[in-house]
Amino acid sequence: MTIPEIEILYYKAADKFFQKHGNIREEFEKSVRKVLCNDHPEQVNFKCLKGNLRGLMRIAIDGYRIIYRVENGKIIIVTVVLAGSRGDIYNTDCPILYAMELIGQKWKLPILWYIADAKK
């Protein structure tokens, strides 16, 4: 089995968090590779989110949550939307999460796709 190439992109809010928590960034990158390469994913505390955050996934590391999404292709692109402490992550003023809550389910994925494509 070949290991897919994985590119990890960080939105500004997530990158700011990881600058303060370098050890969490390293653990996240290891964990996401385990999940995507099917290398003992049961060792990783991850799940697909529901409701207004459907289409996103999260990994829990210590007391922190990292919210991200995955695009498949020849290169797997992981876009980290937000990272923060367990109690605050879902109640944040992240503009992306706020917009997704207002817009609802139908347009969420096309908008996220457009935002990610616009950053390239």
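Conventions and cut-offs
Residues numbered from 1 in each chain as written. Predicted model: local features only at pLDDT ≥ 70, side-chain atom pairs only at ≥ 80, totals over all residues. Heavy atoms only, no water. Core = buried A, V, L, I, M, F, W, Y, C linked by side-chain atoms within 4.5 Å. Buried < 20%, exposed > 50% of the residue type's maximum accessible area, 1.4 Å probe, protein only. Helix = DSSP H or I, 4+ residues; strand = E, 2+ residues; numbered from the N terminus. Contact = heavy atoms within 4.5 Å. Pairing = 2+ DSSP bridges. Lys, Arg positive; Asp, Glu negative; His and termini not counted. Salt bridge = Lys/Arg side-chain N within 4 Å of Asp/Glu carboxyl O. Polar contact = N/O pair within 3.5 Å; in protein donor to acceptor, adjacent residues only side chain to side chain.

## Structural notes on the nonpolar core
Within the largest apolar cluster, 21 residues are counted, with the highest numbers of intra-cluster contacts made by Ile8, Phe18, Phe28, Ile66, Tyr68, Val78 and Val80. Secondary-structure elements contributing two or more residues to this core are strand S1 (5-10), helix H1 (12-20), helix H2 (22-36), strand S3 (57-61), strand S4 (64-71) and strand S5 (75-85). Excluding anything up to four places from it in sequence, Ile8 contacts Phe28, Glu29, Val32, Arg33, Val78 and Val80. Membership of the second largest hydrophobic core comes to seven residues, among which are Tyr11, Leu53, Ile67 and Val81.

## Side note on the pairing of S3
Burial analysis of S3 places five of its five residues in the buried class, which makes it a mostly covered element. In S3, alternate side chains face the same way, and those of Met57, Ile59 and Ile61 on one face and Arg58 and Ala60 on the other are all buried. In the sheet, strand S2 (residues 46-48) pairs with S3 via three bridges, with the strands oriented antiparallel. Bridging from a neighbouring strand, Lys47 pairs with Arg58 of S3. As paired elements, S3 and S4 share five bridges and run antiparallel to each other. The residue of S4 that forms the bridge with Arg58 is Ile67.

## Things to note about the side chain of Arg58
If you trace the backbone, Arg58 turns up in strand S3. Here Arg58 is buried and forms no salt bridge, its nearest opposite-charge partner Asp62 lying at an N-O distance of 12 Å. Separated by 3.1 Å, the side chain of Arg58 and the backbone oxygen of Asn45 make a polar contact.

## Re the environment of Pro4
Summarising the element assignment, Pro4 is placed in the segment before S1. Taking the relative accessible area as the measure of exposure, Pro4 reaches 27% and is therefore partly exposed. For the pair Pro4 and Asn72, spaced 68 residues apart in sequence, the C-alpha separation works out to 10.0 Å. Not counting residues within four places of it along the chain, the set of residues in contact with Pro4 comprises Cys37 and Ile76.

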